[in-house]
Amino acid sequence: MGSVLITQQALGLTTGNLSEKLEQSRFRAKMSADRFDCHYCKDSLLGKKYILKDDTQYCTKCYENLFANCCQRCSLPIGCNTKDLSYKDQHWHEECFQCAKCSRSLVEKPFAAKDDQLLCTDCYANEYSSKCTTCKKTIMPGARKMEYKGNSWHETCFMCHRCQQPIGTKSFIPKDNSYYCVACFEKQFAYQCCSCKKAITTGGVTYHDKPWHRECFLCIGCKKQLAGQRFTSRDNYPYCLDCFGNLYAKKCVGCTKPISSLSGAKYISFEERQWHSECFNCMKCSMSLAGRGFLTLRDDVVCTDCGREK
């Protein structure tokens, strides 16, 4: 067989069109590498509007189907070209963000939430807000109010009955269905302590028909508080039992300590002398003479046995 010579012309290729084919191949490869498609539907996004989410691109249709929030009012998706208004993980179209009662728009307006419904301040006030006990007007949502025993007031309406000044968050004292600031109550109603001359607002004790603060009612001797303690008096002055005994009680002949019947101690009296029961003993043998017969030996008392001894 003869040899066959295959040339570029025979293959239909020339130096010129070979170069052109290679350039087209490189262009197609470059175009394939530069494709910018929707991550979900794979449609090209070149020249189209798209949305990035977590560094991934989506066409607007796929993004809305996959990620758009549904409106709480109309249940339709909130599109990319629409404002998404949210409150506590709920979402609305701007035109759907309305009062549940009167349907007025709540966009950029104050509102209140009640039982999963959004209400304008007027509707909320008419339906749910308290009425001021003093002026009888509605206490609007967000307004500061005072509450006491089921009643409500505007902050400026809760006033002292005497000075007519707002009480606010200060302490107050109720009396006869009225309310008084502490200063006015003290001036009008409180007793004055006969010791310090200041008002008694809580607690207090009465002694000889005179009022005292508990902390002011003291023993005239040692200054110990007497409120809630046993005490006695002398010349209209109060004394604790210890001070009274030390100052005024008779002394035991045996131990020389005070004998005070106020403390419940038992004692024996003989010829203007007194003994504690436990101290009334024979001076010789120390036997107790309480309830027994005894004899006197000069200034001493002795049992009958010791008394008979020569």
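Residues numbered from 1 in each chain as written. Predicted model: local features only at pLDDT ≥ 70, side-chain atom pairs only at ≥ 80, totals over all residues. Heavy atoms only, no water.

Per an unreviewed UniProt entry, the protein chain is named LIM zinc-binding domain-containing protein, and its organism is Anguilla anguilla. Checking UniProt for the protein chain, the heading Subcellular location (unreviewed entry) contains the comment "Nucleus". (UniProt positions renumbered as here; feature names shortened; annotations may be inferred.)

It is worth spelling out the overall build of the protein chain at this point. For the protein chain, the count of helices and strands is six helices and 22 strands. Among the 310 residues that make up the protein chain, the fraction classed as buried is 26%. (Helix = DSSP H or I, 4+ residues; strand = E, 2+ residues; numbered from the N terminus. Buried < 20%, exposed > 50% of the residue type's maximum accessible area, 1.4 Å probe, protein only.)

Let us now look at the pattern of salt bridges. Within the structure shown, the criterion is met by four salt bridges. Where Lys83 meets Glu94, a salt bridge forms, and the shortest distance between an N and an O atom there is 4.0 Å. With Lys83 in the loop between helix H2 (60-67) and strand S3 (84-87) and Glu94 in the loop between strand S4 (90-93) and strand S5 (111-114), the pair connects residues that are eleven residues apart, well separated along the chain. Note that Glu155 is salt-bridged to Arg144, the shortest N-O span being 3.7 Å. Of this pair, Glu155 sits in the loop between strand S8 (151-154) and strand S9 (172-175) while Arg144 sits in the loop between helix H3 (121-128) and strand S7 (145-148), and the two are eleven residues apart along the sequence. A relative accessible area of 57% places Arg144 in the exposed class. (Salt bridge = Lys/Arg side-chain N within 4 Å of Asp/Glu carboxyl O.)

With that out of the way, let us pick up the environment of Asn236. Topologically, Asn236 is positioned in the loop between strand S15 (231-234) and strand S16 (237-240). Residues Asn236 and His208, 28 residues apart in the sequence, show an inter-C-alpha distance of 7.9 Å. The contacts of Asn236, once residues within four sequence positions are left out, are Tyr207 and His208. In terms of polar contacts, Asn236 uses its side chain to reach the side chain of His208, at 3.4 Å. (Contact = heavy atoms within 4.5 Å. Polar contact = N/O pair within 3.5 Å; in protein donor to acceptor, adjacent residues only side chain to side chain.)

This part covers unusual backbone geometry. Its identity is not glycine, yet Asp116 carries a phi of approximately 65°, on the positive side. Its place among the elements puts Asp116 in the loop between S5 and strand S6 (117-120). Non-glycine residue Lys223 carries a positive phi angle of around 70°. Examined against the element boundaries, Lys223 turns out to sit in the loop between strand S14 (210-212) and S15.

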